[in-house]
Amino acid sequence: MDTATKGRKRIGTIRWAVVLAVVITISAVASYLITSAVRYFYYGTENDNYWVWSAAIYQIMGSLSGVIVAIISIMLYRRMEKLLNGMEEVAKGNLDVEIPLDNAGEYRVIYENFNQMVKELKNADEQQKQFMKDFSHEFKTPINSMKGFAEYLYPNELPREEEKQYLGIMAKEAGRLAQLSQNTLLLSKLEHMETIRNKVRYRLDEQIRNCVILMLSSFEEKRIKLAVEFPEIWYIGNEEIIEEIWVNLLDNARKYSPEGTAVFVEGKVTEEYIRIEVRDEGQGMDEDTKLHLFDRYYQGDTSHETAGFGLGLSIVKRIVDLCKGSIRVESTLGKGTSIFIYL
């Protein structure tokens with residue numbers, strides 16, 4: 001958390017001391033003026049008992065101070081009552097409660113933190129419900145596949161080679177299921193995230209080069225050439241989350257690139273933005289595919305032998321949105337695709 005945020009989140013206790021001092025000062029001045037007015041109205045400039053009038057001044061000052069402190073106490077009580085009522089609603093399971101910030105005074109920071117806490121709890125609840133919905137919808141295929149092979153293998157004695165073939169398919173489906181659950185959890189977490197935290201300043205170009213190195217073997221399997229060109233790029237962000245952008249873009253380019261083609265990864269820095277481009281020489285997309293490109297579980301080419309789960313670009317889009325950036329796609333069917341990330 002930066003210094004400005006910390007300063008904004010402080011409760012102004014010093015201001016209460018100032019308010020109290022002002023209240024006492026105003027009470028003292030008001031008391032003196034009132035007693036002086038009464039004194040001169042009745043007695044004019046004649047001599048009278050100084051000590052009696054001094055006692056009256058202190059009496060009036062105390063009464064005024066008491067009234068003002070009582071009013072302030074009532075205001076504080078009502079503000080605290082709002083917070084207590086909100087906490088009671090949350091305890092009952094109502095996650096739609098929100099304390100209005102009007103006339104919050106010194107409780108404004110507390111109300112903001114409370115509202116943010118309730119919002120995070122609601123997001124966590126929605127995240128769990130969405131995950132269960134996606135789980136039941138998208139996980140049926142690999143689970144049914146593994147179940148079918150297991151039921152077939154259990155009562156039957158098969159040749160070793162055939163058994164190994166079926167077990168290999170089951171292992172592959174299990175791996176796909178694990179990857180699908182990981183991506184679904186990540187996307188669900190990102191979709192219910194308000195801001196990205198734990199930001200640090202780091203070399204973005206080095207991060208992307210490291211991702212290229214980690215995925216190099218999968219590109220070499222398809223004899224796809226990787227061309228990387230970057231200037232030195234510094235960026236402030238969450239390294240772990242930002243890395244998901246490059247991993248998914250590179251993996252997407254690899255999947256939809258024919259053997260023997262090339263994938264280009266380039267970066268550019270201007271005063272307004274950082275631009276990263278991932279360009280392939282693959283099959284490209286039609287207009288309908290581009291329209292649904294970032295939809296969850298959407299796959300433009302389900303017949304592709306290396307088709308994924310339709311989550312990669314949804315993850316990329318959500319992270320870019322959280323970073324207050326933008327994403328642009330240029331693609332022509334049969335001529336490849338270029339994806340531009342602006343941070």
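Structure: see above.
Note that the structure is a prediction, hence the values are computed from the model and not measured.

Colleague: Would you mind showing me how to read the overall build of the protein here?
Modeller: From N to C terminus, the protein includes 11 helices and 7 strands. Taken across its 343 residues, the protein has 34% of its residues classed as buried. Within the protein, counting contacts between residues at least 6 apart in sequence, those at least 24 apart form 71% of the total. Accessible area for the protein stands at about 21,600 Å²; split by element, carbon and sulfur atoms hold 55% of it.

Colleague: Even after reading the chapter, I still don't get helix α11 (residues 312-322), so can you show me in this structure?
Modeller: The α-helix advances 3.6 residues per turn, and as a result positions three or four apart in sequence lie on the same side. Those residues of α11 that sit buried are Leu 313, Ser 314, Ile 315, Val 316, Ile 319, Val 320 and Leu 322. Close packing links the buried residues of α11 with α6 (160-191), α9 (239-255), β6 (326-332) and β7 (336-342). Backbone geometry just after α11 places Lys 324 at a positive phi near 60°.

Colleague: How do you make sense of the pairing of β6 when you look at a structure like this?
Modeller: Regular strands have side chains that alternate between both faces of the sheet. Where β6 meets β7, 7 bridges bridge the pair, whose relative direction is antiparallel. Within the sheet, the bridge partner assigned to Ile 327 lies in β7 and is Ile 341. Between β6 and β7, which pair antiparallel in sequence order, lie 3 residues; one of them, Gly 334, sits at a positive phi of approximately 85°.

Colleague: Which parts of the structure should I look at to understand the nonpolar core?
Modeller: One recurring pattern in soluble globular proteins is that nonpolar side chains are buried together. By size, the foremost hydrophobic cluster in this structure holds 43 residues, and its most contacted members are Leu 204, Ile 242, Ile 245, Trp 246, Leu 249, Ile 276 and Ile 341. Secondary structure elements with two or more residues in this core: α6, α7 (204-214), α9, β4 (262-269), β5 (274-280), α11 and β7. Element by element, the count of residues in this core is highest for α9, at 7 residues. The next biggest cluster of nonpolar side chains, apart from the first, holds 9 residues, and it includes Val 90, Val 97, Tyr 107 and Tyr 111.

Colleague: Looking at this structure, how should I read the packing of α6 against α11?
Modeller: Each pair of packed helices gets described by two things: the angle between the helix axes and the distance between those axes. The N-to-C vectors of α6 and α11 enclose an angle of 25°; their axes lie 10 Å apart at closest approach. Classed by the angle they form, the pair α6 and α11 counts as roughly parallel. Of the two possible hands of crossing, α6 and α11 adopt the one that is left-handed. Between α6 and α11, the contacting residues are Asn 183, Leu 186, Leu 187, Leu 190 and Glu 191 on the first element and Ser 314, Ile 315, Arg 318, Ile 319 and Leu 322 on the second. Here the contact of α6 with α11 is built from residues that sort into 6 nonpolar, 2 polar and 2 charged.

Colleague: Is there a simple way to think about the sheet that holds β7 in this case?
Modeller: In a beta sheet, neighbouring strands are held together by backbone hydrogen bonds and run either parallel or antiparallel to one another. Read from one edge of the open sheet, 5 strands run β2-β4-β5-β7-β6, paired in mixed fashion. Of all strands in the sheet, those with a lone pairing partner are β2 (225-229) and β6, marking the two edges. On average, each strand axis in the sheet is tilted by 10° relative to the strand beside it, whichever way the strands run.

Colleague: Sorry, what's going on with a nonpolar patch on the surface here?
Modeller: The grouping of Met 80, Leu 84 and Met 87 at the surface amounts to a nonpolar patch, some 270 Å² of accessible area in total. If you trace the backbone, Met 87 turns up in helix α3 (residues 50-91). Residue classification places Met 87 among the partly exposed residues on the basis of a relative accessible area of 45%.

Colleague: Quick question: what am I supposed to make of the packing of aromatic side chains here?
Modeller: Between two aromatic rings, the relevant description is the distance of the centres plus the angle of the planes. Using the criterion set out here, one finds 2 aromatic pairs in the structure. With 6.4 Å between their ring centres and 85° between their planes, Tyr 202 and Tyr 235 make a pair best called edge-to-face. Note that Tyr 202 is positioned in strand β1 (residues 200-203) and Tyr 235 in strand β3 (residues 234-237), a separation of 33 residues in sequence. With respect to class, Tyr 202 is no different from Tyr 235; both count as buried.

Colleague: Whenever I open this one, α7 confuses me. Can you help?
Modeller: Looking at α7, one finds that the buried residues are Leu 204, Asp 205, Gln 207, Ile 208, Cys 211 and Val 212. Down the axis, α7 shows its buried residues gathered within 160° of arc, on one side only. Of the exposed residues in α7, the ones pointing more than 90 degrees away from its buried face are Ile 213 and Leu 214.

Colleague: I'm lost on the side chain of Glu 277 in this one. Help?
Modeller: Tracing the backbone shows Glu 277 in strand β5. Here the side chain of Glu 277 touches Arg 279 through a polar contact of 3.1 Å, side chain to side chain. Among the polar contacts listed, one links the side chain of Glu 277 to the side chain of Ser 338, at a separation of 3.5 Å.

Parameters and conventions
- Residues numbered from 1 in each chain as written.
- Predicted model: local features only at pLDDT ≥ 70, side-chain atom pairs only at ≥ 80, totals over all residues.
- Heavy atoms only, no water.
- Helix = DSSP H or I, 4+ residues; strand = E, 2+ residues; numbered from the N terminus.
- Buried < 20%, exposed > 50% of the residue type's maximum accessible area, 1.4 Å probe, protein only.
- Contact = heavy atoms within 4.5 Å.
- Areas by Shrake-Rupley, 256 points an atom, 1.4 Å probe, with all protein chains shown as cover.
- Pairing = 2+ DSSP bridges.
- Core = buried A, V, L, I, M, F, W, Y, C linked by side-chain atoms within 4.5 Å.
- Axes fitted to C-alpha atoms, helices over the stretch in contact; angles between N-to-C directions.
- Parallel < 35°, antiparallel > 145°, perpendicular 65-115°, else oblique.
- Left-handed = near helix turned anticlockwise from the far one by under 90°.
- Nonpolar A, V, L, I, M, F, W, Y, C, P; charged D, E, K, R; others polar.
- Patch = residues over 30% accessible without salt bridge, like charges linked within 9 Å, V, L, I, M, F, W, Y side chains within 5 Å.
- Salt bridge = Lys/Arg side-chain N within 4 Å of Asp/Glu carboxyl O.
- Phe/Tyr/Trp six-rings, centres within 6.5 Å; stacked < 30°, edge-to-face > 60°.
- Arc of directions from axis to C-beta.
- Polar contact = N/O pair within 3.5 Å; in protein donor to acceptor, adjacent residues only side chain to side chain.

The values are spatial; any link to function lies outside them.
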